[in-house]
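# Chains, contacts and geometry: an overview
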Amino acid sequence: MTRPLRFNAFVMHTNSHIQHGHWRRPDARQVDFQDVDLWIDLARLLEDAKFDAMFFADVTGLYGDADADFEVYARHGLQIPSHDPTVLLGALAVSTIDLGLALTSNVAQNHPFNFARQVSTLDHISRGRIAWNIVTGTQDNGARNFGLPQLTDHSERYRWAQEYVDVVYKLWEGSWDDGALLKDKERGIYADASKIHKIYHEGPRYRVEGPHLPSPSPQRTPLLFQAGSSASGRRFAAANAEATFIIAPSPAIAKRQIDETRALAVEYGREPDDITFFQGLSFIIGDTEIEAHEKAEEYERYASTEGYLAHSALVDKTGRVYDPKTPLKDIDTNTARGFLSWTSQAVTDREPLVEDVALISRRSSRVVGTPDQIADRLVEWQAAGIDGVNVVNWVLPGSFEEFAEKVLPVLRERGLAQSEYAPGPLRQKLFGSPLLNERHPAARYRGAFAHGATTWAEADDLRAQGLLPAAV
């Protein structure tokens, strides 16, 4: 039985996000990405088209060798300049009603106490439409911007991320009991202090007392995305994610990752369908097949090979960039391990090279054809196990206008896209309930802090007795 796919607009608050070179096209408005009206207009267009969410990528540093010049990135506007999506989401939240709003934030860029407060505020403003893409960072320059000498070791970054989410889960799910917010004017009680708790988290990286300052938002915890595809990333997703963003080079490779991650979820006490998968795809649409391929040739004339290579640059563990002709078997990197695995699986007729990472991601995630042919291709991806698509644009807003006008009507005729929004917060629209289900690890913190501890010493004693949750 056909089930609707979910569709997110995959964007970034910058000039050149994924499809490099296309900002030079006459119809490309992303050159003025700092204009808030561009984003408000786009959000309303997406909501009219019944997209599920607007998904913002983000970085906190430059790609490549942190000690090299960054002329190529500045010349292309390749994620420099870029602006903070978290701030932008406030404007989009009050300009839309149903559209989900997803932000990317890595564990190094914000203390978990402050981040939890920001997200709860956005979830209140949007009436429950916020999602968080949990990432661990990929740039040495980004790590240096927060006082680290270089990017933390890959496996350690995921241990760091696990403690980070542990802290925010405690704040979002455990610090306030249901019914704590009273707003009782007659009795003069705004909130019941007996139902608001300090969390006394103490772990390897963080010591957070609490309580969470915002009252519970409509979702409490935002919808949780995750984008890591390495072995560590898949395990983290299996334990924590509700939605995983992948850019697999083929449906067959996607199926292997999806099946493996869902099996891992069961090991963590969850069900396979507790995690949904969104494949990143871009579309070149023609009224005829000939027209679609002619447009693809035209798009190639704008494409910047230099930009694609710069974006996909791989660095060794000392931060030096690998030559594009380096065999992948010789790569020892602290970043982008998922992309290396995908590329190695996709190139089977010869030894895969570093330059193939850019080529494979650029070509294999592109769908060229008529709306009906695109629908056929999406059926193949759905059969591989994906639940939705992160639609990658060529230009703003034209790529999404064209997809909404030409492709979505065909998908709706086939039952592959929704015609109306379900009611309620984002998680309710996607999963049927506004709150995380009981199988999610964050659920264990509900009611876990009604311990009465008023000092760290008391909290430590309760923790030693097993009466207060220990750090994960």
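Residues numbered from 1 in each chain as written. Predicted model: local features only at pLDDT ≥ 70, side-chain atom pairs only at ≥ 80, totals over all residues. Heavy atoms only, no water.

## What about the overall build of the chain?
The line we're drawing: Only DSSP runs of H or I reaching four residues or more are called helices, and only runs of E reaching two or more are called strands; each is numbered from the N terminus. Within these notes, the globule rule equals 2.2 Å times the number of residues to the 0.38 power, and the radius of gyration is based on C-alpha atoms. Burial status follows relative accessibility: with a 1.4 Å probe on protein chains alone, a residue under 20% of its type maximum counts as buried, one over 50% as exposed, and anything between as partly exposed.
In terms of regular secondary structure, the chain is built from 16 helices and 13 strands. Against the compact-globule benchmark of 23 Å for 472 residues, the chain has a radius of gyration of 23 Å, which places it among compact chains. Along the first, second and third principal axes, the C-alpha atoms of the chain reach 70 × 50 × 40 Å. Relative to its full complement of 472 residues, the chain shows a buried share of 56%.

## Examining the packing of helix α1 (residues 36-48) against helix α3 (residues 85-93)
Inclusion rule: Each axis is a line fitted through C-alpha atoms, taken for helices only over the stretch in contact, and angles between the N-to-C directions span 0 to 180 degrees. Reported orientations rely on four angle classes, namely roughly parallel under 35 degrees, roughly antiparallel over 145, roughly perpendicular from 65 to 115, and oblique for the rest. Each crossing gets its hand from how the near helix is turned against the far one by less than a right angle, where anticlockwise is left-handed and clockwise is right-handed. Residues are treated as being in contact if the distance between any of their heavy atoms lies within 4.5 Å. Each residue gets one label: Ala, Val, Leu, Ile, Met, Phe, Trp, Tyr, Cys and Pro are nonpolar, Asp, Glu, Lys and Arg are charged, and the others, such as Gly, are polar.
Packing of α1 against α3 leaves a shortest axis separation of 10 Å and a crossing angle of 55°. In this view, α1 runs oblique relative to α3, as classed from their interaxial angle. Here α1 and α3 pass one another in a crossing that is right-handed. Here Val36, Trp39, Ile40 and Ala43 of α1 come into contact with α3, specifically with Leu88, Ala91 and Leu92. Here the residues of the contact of α1 with α3 are counted per class, giving 7 nonpolar, no polar and no charged.

## Description of empty space enclosed by the protein
Quick note on the threshold: Using a grid of 1 Å spacing that covers the protein atoms alone, one calls a set of points a cavity when a 1.4 Å probe fits there but cannot get out, and a pocket when the set is open and has protein on both sides within 12 Å along at least five of seven lines; lining residues are those with an atom within 4 Å of a point. Grid points are joined across faces, edges and corners, and a volume is the space filled by probe spheres set on the points.
Overall, the coordinates contain 6 cavities of 30 Å³ or more when judged by the stated rule. Its boundaries defined by the atoms lining it, the largest cavity holds a volume of some 110 Å³. In this structure, the largest cavity is lined by 14 residues; those nearest its centre are Asn15, Ser16, His17, Gln30 and Asn393. Looking at the lining of the largest cavity, its residues break down into 6 nonpolar, 8 polar and no charged.

## Considerations on α1
Worth spelling out the cut-off: Expected span of a helix: the number of residues minus one, times 1.5 Å. Pairs of N or O atoms within 3.5 Å make up the polar contacts considered here, provided that, within protein, one atom can donate a hydrogen while the other can accept it, and that residues adjacent in sequence are counted only when both atoms are side-chain atoms.
Compared with an ideal rise of 1.5 Å per residue, which puts 13 residues at 18 Å, α1 spans 19 Å between its outermost C-alpha atoms and is within 8% of the ideal. Tucked into the core, α1 has its buried residues touching β1 (6-12), β2 (53-57), α3 and α14 (398-413). For α1, the N-terminal cap is Asp35; the gap from its side-chain oxygen to the backbone nitrogen of Asp37 is 3.0 Å. Positioned one or two residues after α1, Lys50 has a phi angle of 65°, which is positive.

## Focus: the pairing of β2
This is how the line gets drawn: DSSP calls a pair of strands paired once it identifies at least 2 bridges connecting them. When the strands point away from the viewer and the connection leading from the first strand across the helix to the second strand turns clockwise, the crossover is called right-handed.
With respect to burial, β2 is a largely interior element, 5 of its 5 residues being buried. Residues Ala53, Phe55 and Ala57 of β2 are buried on one face, and the alternating residues Met54 and Phe56, pointing to the opposite face, are buried as well. Across 5 bridges, β1 lies against β2 in parallel orientation. Within the sheet, the bridge partner assigned to Val11 lies in β2 and is Phe56. The handedness of the β1 to β2 crossover, carried by α1, is right-handed. The pairing of β2 with strand β3 (residues 100-106) spans 3 bridges and is parallel. Bridging from a neighbouring strand, Met54 pairs with Leu101 of β3.

## So, the packing of helix α13 (residues 371-383) against α14
At their nearest, the axes of α13 and α14 sit 9 Å apart, and the two run at 55° to each other. The angle between α13 and α14 falls in the class oblique. By crossing handedness, the relation of α13 to α14 is classed as right-handed. Of the residues in α14, those in contact with Pro371, Asp372, Ile374, Ala375 and Leu378 of α13 are Lys406, Val407, Val410 and Leu411. Its residues assigned to classes, the contact of α13 with α14 comprises 7 nonpolar, no polar and 2 charged.

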